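What the coordinates show
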Amino acid sequence: MRKTLLAAASGLLLGALVSVPALAAGTGLIFVSTEKGNEVVVLDQELNVVKRIETSRRPRDMHFNADKTLLYVACGDDDAIDVIDVATLEVVDSIPTGPSPEVFAFSPDEKIIYVSNEEDSRLEAIDAETRVSVQDVPTGAEPEGVLVMPDGKTAYVTSEVADMVHVVDTATGVVTKNILVGTRPRRFILSPDGSELWVSCELSSEIFIIDTATNEIKGDSLIFVPPGFREEDVTPVGMAVTKDGSKVLVSLGRANHVAVVDAKSHEVIKYILVGRRAWSVDLSKDESKAYVANGLSDDITVIDMASLEPIRSVPVGRVPHSVVIDD
Amino acid sequence: MALAALLMGSAVPACAADVLVGFVGLKDDVRYHPEVAYTRIEISPALKPVEGARLGIEDLKIVTEAANVNITLDEYEAADANDAIQKVAAMAQAGERFVILDLPGDIVAQVAEATKDLPITLVNATAPQDALRDLCLENLMHSGASDRMIADTYTQFLRHRNWNKVLLLVGKEPRDKEIADAFQASAERMRIEIKARREFTSSTDPANREENNTMLVTGGVDYDVVFIADSLGEYARYLNYATQLPRPVIGSTGLTAAEWHWAWDRDGATQVTLRFQRLAEGGRYMSPEDWSTWIAAKSIATAYAKARSDDPVKIDAYLKGSRFNIDGSKGYRMNFRPWDRQLRMPMVLATANAVIEPAPFPEFLHQVNELDTLGVDEPESKCKAS
């Protein structure tokens, strides 16, 4: 039933119905947004550039719809979320947002887009179909990470300046709780069972874990010290979790490494050397590979998840922000 | 305020503590007069660094209110040093624990000395003199960069570029000498060769051509780069493209080191610059002085929010301690050095409209904290960590 809803929604967005099942197979394409290149770079599995899709300015966070027919890209300098058709690799639509959208998340039914507008310090909820802003939740300055719980009732958003995670009741658009975390909180991941929310805090070099049942911080924060670095050199931002919830990948920013963490024991299994200022990280569907966007070396690094070794780095464009894979 | 109230809804108990944070500036501070050229045309607007502190308090409002603290900036413009001393004493009397000082160096020294036994901590935001750091006063912190930090930024850059021969030009103002001395000390440590140190003057007196003619001032010696210490800026402005040898100019013109530049676009800096522009009168860009008062206010507000105590002594200790860490939108975590209470920070080297390099440079390593490659480090300091 959820599938039908999604197909209908995407159909409306495109303005024409698309034959969804044929596309849902997965093209294997890798999409990289480049903040200063104003494009989404598309690579195939062999890491050849297939296409450079020109977008609105400063493309950053990206998400597919559930059946992966459409890719949504938040474009900070043009106040819009561009929509790319995954089959044709064209920008087919653009949804206006508040000023400087950075990170966003869909409601589980994909009807609402929750987007952090870092300029006017709001979490904005946009009706994907009508384009109307249905909620505007004030946050601390520079909101960034956004995550909506699978039941759709709660959204979490970080404020980089306030060092807080705001808990938002999506029904009323009211902040029900502020959770003080480390310095400059950036992104979230949710454990597959929904019980733990991980928050990366860039400038205190920590990951905080929030118990989603109580919205309290659970246990000690996680810290990372790759060989040859000090704690203060580590600026964690992006994270990815395996489907079984056993491992979490954390990009360590200025420390130029990705940490692979045992999600239960919180021990670091391995530090993997990648490019300069490693930010976003994503796993392939079969979890054989991980892809890391390196903001200051203009490339992405591919990691072999079996050996936990970097395989290759490929230049993509100016200031890569996010990587997502259609597989 | 409305925002925080809305956010917190009914969650705010009625017993939120009201806290005043002092801010003492100087009436008609010559440092902040608009830079005027050609009699009527302004090169840059008048500065009013209190606006940075206002933004710092505002930025942290949501956090301080969540911690049940309602912070208000208690602003004052002193007529002179005595007035400033009396005001700070009155602020301490009224129970204020922290005062941000936006005063010239000589007045900062007098105020700090006169109030050192009062239960009040001063945060010097805009006086860069190293002599103030060398006072080693328990009650005096520094949120702006010191002259030596600025000088080390230049010399790291010169080493990084391998421009190792410098012609040092210095004006006749006492401030020019301070800047030049800091540069020279830093250059000596970095083994950068000062090929000559020469004075300049802005008059066109033909009898004094060796000091006022740019060709003569920069001639007769070989160098990779010119460093000019000109606090008034008048002579420096005409030095680019006017040197005897075709060499770049750094210092008071050309490439300038500072705490902040509006063109820095990483680490959320753009958002800070834009928030400041919205708040500042005339929508001006955030200056290095504005950044320094902003980070001072932000640090104090953060200490109130995160010290986990409402005891001012503990809040003060937290602000000065190693647990404290703050984001200045320059990509590094920052805190105050335990020996001279100077804020550790990265710096930027910028032209009029672009940041060319941030410092510290990756080649400069340090056994404790890379940010301590900029400025007087613990072993060289007269002060001891307490």
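A count of helical and extended segments in chain B gives 13 helices and 16 strands. A compact globule built from 386 residues would reach a C-alpha radius of gyration of about 21 Å, and chain B, at 21 Å, matches this within 12%. A principal-axis box enclosing the C-alpha atoms of chain B has dimensions of 75 × 50 × 40 Å. Considering chain B as a whole, with its 386 residues, one finds that 47% of them fall into the buried category. A fraction of 66% describes how many contacts in chain B between residues 6 or more apart in sequence connect residues 24 or more apart.

Our focus in this paragraph is the overall build of chain A. Scanning chain A from N- to C-terminus turns up 2 helices and 29 strands. For chain A, the C-alpha radius of gyration of 18 Å lies close to 20 Å, the compact-globule estimate for 327 residues. For chain A, the spread of C-alpha atoms along the principal axes amounts to about 55 × 45 × 35 Å. Looking at chain A as a whole, 53% of its 327 residues are labelled buried. Restricting the contact set of chain A to residue pairs at least 6 apart, pairs at least 24 apart contribute 42%.

On to the domain arrangement of chain B, then. Residue and element names in this part refer to chain B. When cut into domains, chain B gives domain 1 (2–145 + 260–345) and domain 2 (148–258). Taken residue by residue, the interface counts 8 residues in domain 1 and 7 residues in domain 2. Tallied by class, the residues present in the side of domain 1 that touches domain 2 amount to 4 nonpolar, 2 polar and 2 charged.

Residue and element names in this part refer to chain B. Strands sit in the order β4-β1-β5-β6-β7 across an open sheet of 5 strands; the sheet is parallel. Both outer strands of the open sheet, β4 (69–78) and β7 (140–142), are each paired with one neighbouring strand and no more. For this sheet, the mean angle separating the axes of adjacent strands, direction not counted, is 25°. Note that strand β1 (residues 17–26) and strand β5 (residues 98–101) share 3 bridges and pair parallel. Considered in β5, the bridge of V24 is made with L101.

Bringing the interface of chain A and chain B into the picture now. Facing 20 residues of chain A, the contacting portion of chain B comprises 18 residues. The element that contributes the greatest number of residues to the side of chain A that touches chain B is strand β15 (residues 174–180) of chain A, accounting for 3 residues.

Once that is clear, we can look at the nonpolar core. Counting 194 residues, the largest nonpolar core has Y114 and V258 of chain A as its most contacted members. By residue number, the principal contributor to this core is helix α12 (residues 288–306) of chain B, which donates 10 residues. A domain-level breakdown of this core finds at least three residues from each of domain 1 (2–145 + 260–345) and domain 2 (148–258) of chain B. Ignoring anything within four residues of it in the chain, the contact list for V258 of chain A reads L249, V250, S251, L252, I272, V274, A278, V281, V292 and I303 of chain A.

The next thing to look at is α12 of chain B. All names here are of chain B. Helix length check: α12, at 19 residues, gives a terminal C-alpha distance of 26 Å against a target of 27 Å (1.5 Å per residue), a fit within 8%. Burial analysis of α12 places 19 of its 19 residues in the buried class, which makes it a mostly covered element. Just downstream of α12 lies R308, where phi reads positive at about 60°.

The next thing to look at is the environment of I356 of chain B. Residue and element names in this part refer to chain B. Its location among the elements puts I356 in strand β16 (residues 355–359). Exposure remark for I356: the 13 C-beta atoms within 10 Å place this residue in the partly exposed category. In this structure, the C-alpha to C-alpha distance between I356 and W294, residues 62 residues apart in sequence, is 23 Å. Once residues lying within four places of it in the same chain are set aside, the contact partners of I356 are L255, L349, A350 and T351.

Turning our eyes to something else, we now look at the confidence of the model for chain B. As a general rule, the predicted coordinates of low-pLDDT regions are not to be interpreted in detail. All names here are of chain B. With 95% of its residues at a pLDDT of at least 70, chain B reaches an overall mean of 92. With pLDDT under 50 throughout, residues 1–13 is counted as low confidence; its partners more than four residues away or in other chains account for 14 contacts. Interface predicted TM-score (ipTM) for the complex: 0.73; the corresponding pTM is 0.83.

What follows deals with the sheet that holds strand β7 (residues 90–96) of chain A. Residues and elements named next belong to chain A. Taking strand neighbours across the sheet as the criterion, the 4 strands line up as β4-β5-β6-β7 in an open arrangement whose pairing is antiparallel. The sheet terminates laterally at β4 (59–64) and β7, the two strands that pair on one side only. Taken pair by pair, the neighbouring strands of this sheet meet at an average axis angle of 25°, ignoring direction. Pairing analysis gives 6 bridges linking strand β5 (residues 70–75) to strand β6 (residues 80–85), with the strands arranged antiparallel. Directly across from L70, in β6, lies its bridge partner D85.

Take the packing of α12 of chain B against helix α13 (residues 312–320) of chain B next. Residue and element names in this part refer to chain B. The N-to-C vectors of α12 and α13 enclose an angle of 125°; their axes lie 9 Å apart at closest approach. When the interaxial angle is binned, α12 and α13 end up oblique. Considering only the axes of α12 and α13, their crossing is right-handed. Only I315, Y318 and L319 of α13 make contact with α12, whose side of the interface consists of S299, I300, A303 and Y304. A class-by-class count of the residues in the contact of α12 with α13 yields 6 nonpolar, 1 polar and no charged.

Our next topic: the packing of helix α2 (residues 50–59) of chain B against α12 of chain B. Residue and element names in this part refer to chain B. Between α2 and α12, the least distance of the axes is 7 Å, while the angle of their chain directions is 35°. Like other packed secondary-structure pairs, α2 and α12 cross with a definite hand, here right-handed. Residues V50, E51, G52, A53, L55, G56, I57 and D59 of α2 lie in contact with α12, whose contacting residues are D290, W291, S292, T293, W294, I295, A296, A297, K298 and A301. Broken down by class, the residue content of the contact of α2 with α12 amounts to 10 nonpolar, 4 polar and 4 charged.

Look at the link from A359 of chain B to P360 of chain B: it is a cis peptide, with omega at 5°. Inspection of the secondary structure puts P360 of chain B in the segment after β16. Look at L89 of chain A: it is not a glycine, yet its phi comes out positive at around 55°. With phi around 55°, L308 of chain A is a residue other than glycine that occupies positive phi space.

The next thing to look at is the pairing of β7 of chain A. All names here are of chain A. Here β6 runs beside β7; their pairing, made up of 6 bridges, is antiparallel. Note that in β7 the partner of A80 across the bridge is P96. Joining the antiparallel neighbours β6 and β7 is a turn of 4 residues, in which L89 adopts a positive phi near 55°.

Conventions we followed
- Residues numbered from 1 in each chain as written.
- Chains lettered and ligands numbered in written order.
- Predicted model: local features only at pLDDT ≥ 70, side-chain atom pairs only at ≥ 80, totals over all residues.
- Helix = DSSP H or I, 4+ residues; strand = E, 2+ residues; numbered from the N terminus.
- Rg over C-alpha atoms; globule rule 2.2 N^0.38 Å.
- Buried ≥ 20, exposed ≤ 12 C-beta atoms within 10 Å, placed from the backbone.
- Contact = placed C-beta atoms within 7 Å.
- Domains from an automatic or database assignment.
- Nonpolar A, V, L, I, M, F, W, Y, C, P; charged D, E, K, R; others polar.
- Pairing = 2+ DSSP bridges.
- Axes fitted to C-alpha atoms, helices over the stretch in contact; angles between N-to-C directions.
- Core = buried A, V, L, I, M, F, W, Y, C linked by C-beta atoms within 7 Å.
- Expected span 1.5 Å × (residues − 1).
- pLDDT = per-residue confidence, 0-100.
- Parallel < 35°, antiparallel > 145°, perpendicular 65-115°, else oblique.
- Left-handed = near helix turned anticlockwise from the far one by under 90°.

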